[in-house]
Every structure is written in structure tokens, then in C-alpha cells.
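# Understanding the architecture of this molecule
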Amino acid sequence: MIPSVLPTYNRAPLTFVKGEGSWLIEADGRRFLDLGAGIAVNALGHAHPDLVAALTEQAGALWHTSNLYHIPKQQELADKLVANTFADTVFFTNSGTESCELAIKMARKHFYDAGQPERTDIITFEGSFHGRSSAGIAAAGSEKMTKGFGPLLPGFKHLGWGDHNALDAAIDDKTAAILIEPVQGEGGIRPLPDQCLKGLRALCDEKGILLILDEVQCGVGRTGRLFAHEWAGVAPDIMMVAKGIGGGFPLGAVLATEAAASGMTAGTHGSTYGGNPLGCAVGCAVMDIVTDPAFLAEVNRKAGLMRQKLEGLVAAHPAVFEAVRGTGLMLGLKCKASNIDVVNAGYGALVVTVPAADNVVRLLPPLTLTDDDIAEAMSRLEQAARAVEVA
Ligand SMILES: *Cc1c(COP(=O)(O)O)cnc(C)c1O
């Protein structure tokens, strides 16, 4: 008999019932160190007092009105995002997938209104992940995600990761945009080198197409800047955001320049819940913390510390690990042993990590983790590695 919850997930045999900072408490009382943060969602850890206060205050005032009316917290969050990024304008969604949908619609509409309706193609890359909607899976294009779900949304060209020649050849007079993650998350923590992101920006400018960045996983302080592309010193035309921006409350956004968003006039797009008072109240509290330069400096310091210790872990366990990769607190352990075995051994050692493609174990801890948490993380990962070695 089919379970009452549609069985689309492979779940670990764990039931967490409470969270405190970097810690998750299992139903049986065991305390797990959380280096997954709900896949980079709990950017400020669990039950951060500022987020709890923002949510409960809004919950006592007003939950929902719809976008038929002005929503003060939505306006406030949009103003904060515009003030702190390349963007001139913001649309709020409830998830990364919905941000992907709008990013694609926005790019196509931009060219439609500009008298180039044939420019509908979006160029994407192998190993990418942009969500599970029909557009999202068509954008990623992998067999694993698309098989059986056709016909797929047309208009995507998939290129190999780092294949510069193919990229030049792929752009033609039907191309609307390039869509890429500055750091691939699901694909196995693969950072796009700054030079490549600069090159993509220059190429888009030269060809008159749009650059769409998917910062759903790598954004909101994760890499030590508010958004990952800032390291390369270039900006996108359109950017997808979600995960960390809500700190655990479902919230996403599409940020865009005025020019890229030119086609999105009244009536062209909408959402019932997108930008609702609860999500935006939490988003404002998240932004107030992650835009503080001192907070980001701490993320960078802790990232350096963690990376250094992980290099030591990898060197000490060459049969289990191959290399450390990633940037900021978006780190990956490329494994020699099975990454799933390492994640499972981590559960035994009471540390939570997340598998990714390419046999990688992802470490996406709360950005608020302490030096003590890092020391504890290393001893638990060490214990997990030893367990994999003897198995
Ligand atoms: C998680 C993720 C998405 C999809 O976000 P959902 O909130 O699950 O819809 C899209 N892009 C990237 C890079 C992601 O990591």
C-alpha cells in the first residue's frame, strides 16, 4: 500500500523535533551537530531569537492579505535587497523553483517586448540544479530528473561544465540568456572560477543576452559575501534567490535590473503567497544580520578555519576522502569511499551532512556556527571517517 506521504523521498531514519543554534535534537533525545542546515536554508541556525521574534510579532498582527494590497514588510524587504545588491527591483516567491520560473519568463518577455521574440533559448550547464518544476527540470536537463516527465519545456541548450568552445558556438540569434549557479550545489559543490564568471558577463554583454545567476543555494552570505557573484566583481541581469533568505521560512525572490525586468508589467506575473507578511518579516530579520560586514567577516574567518581543518581530515583519511572543494561555508568533501556511507557514518557520530552528486559530501553549516561547533564538527567527522575505514 502506498504510504500516506507520497514516497518520493529517501529519508534517513531520523526525526528531529527541536533545533537550537547549530544543533538538532532527535525524538530520542540525541543531539546532532547540524552541518547541513536543511540544505543551506537555516542560514542563521535553528530558533535564532531575532527570527523567532520577527515571525511571532508578524503572526500576532497579520498573516495574509494577498498581493491585491500593499504589504509593508514586502516593501521593506525589497528596499533592503535593492539597497544591498545590483538589483533595481524584486519579485517575491515561495521557493527556488518559482524563482526559476520567473527568471525564465522574465528573460523571454524582455526580448519579446524588445522586438526580438525569437530570442527564447536559455543556455544551461551539466550538473546544474534549478528546481523540480517542468521548467526547472528542463533547464537542468539531466536524465535523472527529466525521464518520464516529457514533453519537456523547449528552449534549453545544455553545455558541458567549463566547455568554453561549446559556449561560443551555442549562442545564436535565438539565445535569450545564460543561466548558471556561481557555485553548483546539488551538482557537487563546484565553484565557477571568478575568471569564468567575468568571462560569462563579458560574453553576455558582447552578444546582447542576459546573464541569470541561480544563487538559491550559494547566496545570502553562504560564501562570505552577501551573494557569491560579488567575489568576481560582476553582476547578473537577473538573480534567483531562496533557501537562506527565509532562514527556514519558505521565501524566495527574483532580483533584476530595471532593463531586464522591463517586460514584467502589471498583470504579467503573480503569486498568491509570494511576498506574504510572515515570510517577508523573517526575510527582513535575516537581511539585517547577513548584510552586517562584521557578520560576513566572521563567516570568512570561520570558513578559513574549517577549510584548514578539513584539509587535515582529508590528509589523515586518504582511503575515505580525496579532496576539499567549495568556498566559504559551502564546502564539499570529494570522497573515495561512497559519499552515502560517509553521510550515514556521520549519523552514527551524531553529525548531519548532505550528499551531493559527483560522490561529494556537502557541508553547509549554519553561518552562525561557533568555533566550538567547528572543533566538535571535526571530531565527529573524524569519528565518521574512522567508522567508514573499518567497515
Ligand atoms: C534548492 C535549489 C533550487 C530549488 O529550490 P526549491 O526551494 O527547492 O524550489 C534551485 N536552484 C538551486 C541552486 C537550489 O539549490
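Residues numbered from 1 in each chain as written. Predicted model: local features only at pLDDT ≥ 70, side-chain atom pairs only at ≥ 80, totals over all residues. Heavy atoms only, no water.

## Some points on the overall build of the protein chain
Helix and strand content of the protein chain: 12 helices and 17 strands. Relative to its length of 391 residues, the protein chain is compact, with a C-alpha radius of gyration of 21 Å against a globular reference of 21 Å. Reported as C-alpha extents along the three principal axes, the dimensions of the protein chain are approximately 65 × 55 × 55 Å. Buried residues in the protein chain amount to 53% of all 391 residues. In the protein chain, once contacts between residues fewer than 6 apart in sequence are set aside, the share between residues at least 24 apart is 71%. A total of about 16,800 Å² of accessible surface is found on the protein chain, and carbon and sulfur atoms cover 56% of it. Counting 32 positive and 43 negative side-chain charges, the protein chain places the averaged centre of each group 4 Å from the other. (Helix = DSSP H or I, 4+ residues; strand = E, 2+ residues; numbered from the N terminus. Rg over C-alpha atoms; globule rule 2.2 N^0.38 Å. Buried < 20%, exposed > 50% of the residue type's maximum accessible area, 1.4 Å probe, protein only. Contact = heavy atoms within 4.5 Å. Areas by Shrake-Rupley, 256 points an atom, 1.4 Å probe, with all protein chains shown as cover. Lys, Arg positive; Asp, Glu negative; His and termini not counted. Charge placed at Lys NZ, Arg CZ, Asp CG, Glu CD.)

## So, the packing of aromatic side chains
Taken as a whole, this structure holds one aromatic pair when the rule is applied. For the ring pair Phe 16 and Phe 32, a centre distance of 5.3 Å and an interplane angle of 80° mean the geometry is edge-to-face. Here Phe 16, found in strand S1 (residues 16-20), pairs with Phe 32, found in strand S3 (residues 31-34); they are 16 residues apart in sequence, far enough to count as distant. Look at Phe 32 and you get buried, because its relative accessible area is 0%. For Arg 108, the ring lying beneath its charged end belongs to Phe 156, and the centroid distance is 5.7 Å. Geometry around Phe 111 places Arg 119 over its ring, the cationic atom sitting 5.9 Å from the centre. (Phe/Tyr/Trp six-rings, centres within 6.5 Å; stacked < 30°, edge-to-face > 60°. Lys NZ or Arg CZ within 6 Å of the ring centre and 35° of its normal.)

## Things to note about the site of the ligand
As a matter of local geometry, the ligand sits amid Ser 95, Gly 96, Thr 97, Phe 129, His 130, Gly 131, Glu 181, Asp 214, Val 216, Gln 217 and Lys 243. Gly 96 has a polar backbone atom sitting 2.9 Å from an oxygen atom of the ligand. Thr 97 is positioned with one of its side-chain polar atoms (N or O) 2.5 Å from an oxygen atom of the ligand. Here the ligand loses 82% of its free accessible area of 380 Å² to cover by the protein chains. A breakdown of the residues in the shell around the ligand according to their chemical character gives two nonpolar, six polar and three charged. (Near = heavy atom within 4 Å. Polar contact = N/O pair within 3.5 Å; in protein donor to acceptor, adjacent residues only side chain to side chain. Nonpolar A, V, L, I, M, F, W, Y, C, P; charged D, E, K, R; others polar.)

## A closer look at the domain arrangement of the protein chain
Often the size quoted for an interface is simply the accessible area lost on bringing the parts together. The assigned domain composition of the protein chain is domain 1 (16-34 + 293-390) and domain 2 (50-290). Residue-level contacts link 20 residues of domain 1 with 21 residues of domain 2. The three residues of domain 1 that bury the most area against domain 2 are Leu 296, Met 330 and Arg 362, which together make up 38% of that side's buried surface. In this structure, Glu 186 engages Arg 362 in a salt bridge whose closest nitrogen and oxygen atoms are separated by 2.8 Å. Between the two partners, domain 1 and domain 2, sit seven residue pairs in polar contact (both at pLDDT 80 or more). Among the elements that make up the side of domain 1 that touches domain 2, the one with the highest residue count is helix H10 (residues 293-316) (four residues). Looking at the side of domain 1 that touches domain 2 residue by residue, the classes come out as 12 nonpolar, five polar and three charged. (Domains from an automatic or database assignment. Buried area = accessible area lost by both parts, 1.4 Å probe. Salt bridge = Lys/Arg side-chain N within 4 Å of Asp/Glu carboxyl O.)

## A closer look at the pattern of salt bridges
A complete count under the given rule lists 20 salt bridges for this structure. With a closest N to O distance of 2.8 Å, Asp 205 and Arg 201 form a salt bridge. Placement of the pair is Asp 205 and Arg 201 together in helix H8 (residues 194-207), with a separation of four residues, close to one helical turn. On the basis of relative accessibility, which here comes to 52%, the residue Asp 205 falls in the exposed class. Under the relative-accessibility criterion, Arg 201 is labelled buried at 12%. Its salt-bridge partner being Glu 311, residue Arg 307 comes within 3.6 Å of it at the nearest N-O pair. Linking Arg 307 with Glu 311, this pair stays in helix H10, spanning four residues, or about one helical turn. The exposure class of Glu 311 is partly exposed, given its relative accessible area of 37%. Through salt bridges with shared partners, one network takes in Lys 73, Glu 76, Lys 80 and Asp 288.

## Some remarks on the layout of surface pockets
Taken as a whole, the second largest pocket holds about 650 Å³ of empty space. The wall of the second largest pocket is formed by 26 residues, among which Gln 74, Thr 89, Val 90, Phe 91 and Phe 92 lie closest to the centre. By residue class, the composition of the lining of the second largest pocket is 14 nonpolar, 12 polar and no charged. (1 Å grid on protein atoms, 1.4 Å probe; cavity = no way out; pocket = protein on both sides within 12 Å on 5 of 7 lines; lining within 4 Å. Points joined across faces, edges and corners; volume = space filled by probe spheres on them.)

## A look at the environment of Ile 238
Tracing the chain through its elements places Ile 238 in strand S11 (residues 238-241). For the pair Ile 238 and Lys 336, spaced 98 residues apart in the sequence, the C-alpha separation amounts to 37 Å. Filtering out sequence-adjacent residues up to four positions away, Ile 238 remains in contact with Phe 86, Ala 103, Met 106, Ala 107, Leu 210, Leu 211, Ile 212, Leu 213, Val 254, Leu 255, Ala 256 and Ala 260.

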